[in-house]
Amino acid sequence: MKINLLMCGNYKVFDGMLLELLSLVKHNKHEFTLYLMTMDLTDIDAKFVAISEKERKYLEDVLKTGNKDSKIVLLDMREPFLKEMKDSPNMANFYTPYTMLRLFADYLPKDVHKVIYLDCDLMFLGDIAPLFNLDITNYEFGAAYDVLGRYFIGNYYQNAGVILFNIDKCKETNFFVNCRYKCSHDKMAFLDQDALNKVVKERYFIPYIYNVQRNMKPNTVVKHFCKTIRWLPFYHTSNIKPWNIEGVHKVLKLHCFDDILDDFSKRIKEYRSK
């Protein structure tokens, strides 16, 4: 089957994208079209370098190891992004401007009716086709509950790391337009995740196994390496990313991704030596 995916970012998240795709193709042999939104904002910050064609091609070659018909489409979002967000109070934030690019999913090609948005700090342990096939006809998107949000905001607050977007419904309700307007005018702590939660009217909660934000479950399909709270031995936050291999082993005590991490280490060393 054909599955549409969406990822966003700059060259700084190339490592995360590579790790993510290596784990994806291990457990999924579907035909994927991955839309990769990026933009050059070096006039704002020297670190805001767009993902290059070289990087796109390398990631596509990885994706094709799962299915030769898979492809990655690079989308330059600089012009539409700056048109709406140049004066946003959220341009200077803990999160980079690239996190807001998922709110431009209505710019995807017109034949894309449904897409799974993915953060760049995820690892896969199973098939995501059942997620893509969920019936969200009457909803703008589906997402899992947010672990931290349940403590500090409410049970209804959803995590934006994995989102199943119903593009047709979103266009019908002007969902993305309204989210972007909120981001362009209102200062928010969690940027577009806050916007998504404030603008949505009817919430669809996908199974937590597709966005496991804390301890792994036996049936985990997607592990999200996001910031979490640890209560013991004392209150603190933990933010170990999958490319922090030592942290994954010593802090999170996870070894189920070791084959992927070994492959990644070899690949990234070779890639950077060229």
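Residues numbered from 1 in each chain as written. Predicted model: local features only at pLDDT ≥ 70, side-chain atom pairs only at ≥ 80, totals over all residues. Heavy atoms only, no water.

Participant: Could you give an account of the sheet that holds strand E1 (residues 2–8), naming the residues involved and the relevant values?
Facilitator: Strands sit in the order E3-E2-E1-E4-E7-E6-E8 across an open sheet of seven strands; the sheet is mixed. Bordering the open sheet on either side are strand E3 (71–76) and strand E8 (204–205), each of which pairs with just one other strand. Bridge count between E1 and strand E4 (residues 114–118): two bridges; the pairing is parallel. Bridge pairing in E4 places Leu 5 opposite Ile 116. Packed onto the sheet, helix H2 (residues 53–64) meets strand E2 (31–38) and E3 and runs at close to 155° relative to E3. (Pairing = 2+ DSSP bridges. Helix = DSSP H or I, 4+ residues; strand = E, 2+ residues; numbered from the N terminus. Contact = heavy atoms within 4.5 Å. Axes fitted to C-alpha atoms, helices over the stretch in contact; angles between N-to-C directions.)

Participant: Residues and numbers for the packing of helix H1 (residues 14–27) against H2, please.
Facilitator: Axes are the key here: two packed helices are described by the angle between their axes and the distance separating the axes. The contact between H1 and H2 brings their axes to 9 Å, and the two run at 15°. By the angle class used here, H1 and H2 are roughly parallel. Judged by the sense of rotation from one axis to the other, the crossing of H1 with H2 is right-handed. Contacts between H1 and H2 pair Phe 14, Met 17, Leu 18, Leu 21, Leu 22, Leu 24 and Val 25 from the former with Glu 55, Tyr 58, Leu 59, Val 62 and Leu 63 from the latter. For the contact of H1 with H2, the residue count by class is 11 nonpolar, no polar and one charged. (Parallel < 35°, antiparallel > 145°, perpendicular 65-115°, else oblique. Left-handed = near helix turned anticlockwise from the far one by under 90°. Nonpolar A, V, L, I, M, F, W, Y, C, P; charged D, E, K, R; others polar.)

Participant: Outline H2, listing residues and values.
Facilitator: The α-helix winds at 3.6 residues per turn, so residues separated by three or four positions along the chain end up facing the same way. Helix length check: H2, at 12 residues, gives a terminal C-alpha distance of 16 Å against a target of 16 Å (1.5 Å per residue), a fit within 8%. Along its buried surface, H2 packs onto H1, E2, E3 and helix H10 (258–273). (Expected span 1.5 Å × (residues − 1).)

Participant: Account for the packing of aromatic side chains, with residues named and values stated.
Facilitator: Following the criterion strictly, the structure yields 14 aromatic pairs and no others. Linked through ring pairs, Phe 141, Phe 165, Phe 175 and Phe 176 together constitute an aromatic cluster. One cation-aromatic arrangement involves Lys 54 over Tyr 271; the distance from NZ or CZ to the ring centre is 4.8 Å. Between Lys 223 and the ring centre of Phe 225, over which it is positioned, the NZ or CZ distance is 5.4 Å. (Phe/Tyr/Trp six-rings, centres within 6.5 Å; stacked < 30°, edge-to-face > 60°. Lys NZ or Arg CZ within 6 Å of the ring centre and 35° of its normal.)

Participant: Help me get a handle on the pairing of E2, residues and values and all.
Facilitator: Walk down a regular strand and you will see the side chains alternate between the two sheet faces. Burial analysis of E2 places eight of its eight residues in the buried class, the great majority of the element. Judged by which residues are buried, E2 turns out to be covered on both faces: Glu 31, Thr 33, Tyr 35 and Met 37 on one side and Phe 32, Leu 34, Leu 36 and Thr 38 on the other are all buried. Note that E1 and E2 share seven bridges and pair parallel. Looking across to E2, one finds that Met 7 is bridged to Leu 36. As for the winding sense of the linkage, the β-α-β connection from E1 through H1 to E2 is right-handed. In this fold, the crossover linking E2 to E3 by way of H2 has right-handed handedness. (Buried < 20%, exposed > 50% of the residue type's maximum accessible area, 1.4 Å probe, protein only. Right-handed = clockwise from strand over helix to strand, strands pointing away.)

Participant: How would you summarise the side chain of Gln 158 if you had to cite specific residues and measurements?
Facilitator: Relative to the assigned elements, Gln 158 resides in strand E7 (residues 158–166). A distance of 3.0 Å separates a polar atom in the side chain of Gln 158 from the backbone oxygen of Ala 143. Among all residues touching Gln 158, those that are not within four sequence positions of it are Phe 141, Ala 143, Ala 144, Tyr 145, Asp 146, Gln 193, Asn 197, Arg 203, Tyr 204 and Phe 205. (Polar contact = N/O pair within 3.5 Å; in protein donor to acceptor, adjacent residues only side chain to side chain.)

Participant: Residues and numbers for the pattern of salt bridges, please.
Facilitator: Enumeration over the complete set of coordinates arrives at 17 salt bridges. When the shortest N-O distance is used, the salt bridge between Glu 53 and Arg 56 registers 2.9 Å. Here the residue Glu 53 and the residue Arg 56 both occupy positions in helix H2, the gap between them amounting to three residues, near one helical turn. Accessibility expressed as a relative area gives 11% for Arg 56, which makes it buried. (Salt bridge = Lys/Arg side-chain N within 4 Å of Asp/Glu carboxyl O.)

Participant: Tell me about the environment of Arg 180, and please be specific about residues and values.
Facilitator: Here Arg 180 shows up in helix H7 (residues 175–185). Remark: the alpha-carbon pair of Arg 180 and Val 199, spanning 19 residues in sequence, is separated by 10.0 Å. Those residues in contact with Arg 180, other than ones at most four positions away along the chain, are Glu 84, Met 85, Leu 103, Phe 104, Asp 106 and Tyr 107.

Participant: Kindly report on the layout of surface pockets, identifying the contributing residues and their values.
Facilitator: Size it by volume and the largest pocket reaches roughly 1,200 Å³. Residue lining of the largest pocket: 41 residues in total, with Phe 94, Tyr 95, Asp 119, Asp 121 and Lys 241 positioned closest to the centre. Elements with a minimum of two residues in the lining of the largest pocket: helix H5 (147–152), E7 and helix H8 (191–199). Of the residues that constitute the lining of the largest pocket, the class distribution is 19 nonpolar, 12 polar and 10 charged. Taken as a whole, the second largest pocket holds about 160 Å³ of empty space. Lining the second largest pocket, in full, are Lys 2, Ile 3, Asn 4, Glu 31, Phe 32, Thr 33, Tyr 35, Lys 71, Val 73, Asp 111 and Val 112. Every element with two or more residues in the lining of the second largest pocket is listed here: E1, E2 and E3. Counting residues per element, the lining of the second largest pocket draws most heavily on E2, at four residues. (1 Å grid on protein atoms, 1.4 Å probe; cavity = no way out; pocket = protein on both sides within 12 Å on 5 of 7 lines; lining within 4 Å. Points joined across faces, edges and corners; volume = space filled by probe spheres on them.)

Read these as layout, nothing more, since geometry by itself doesn't imply function.
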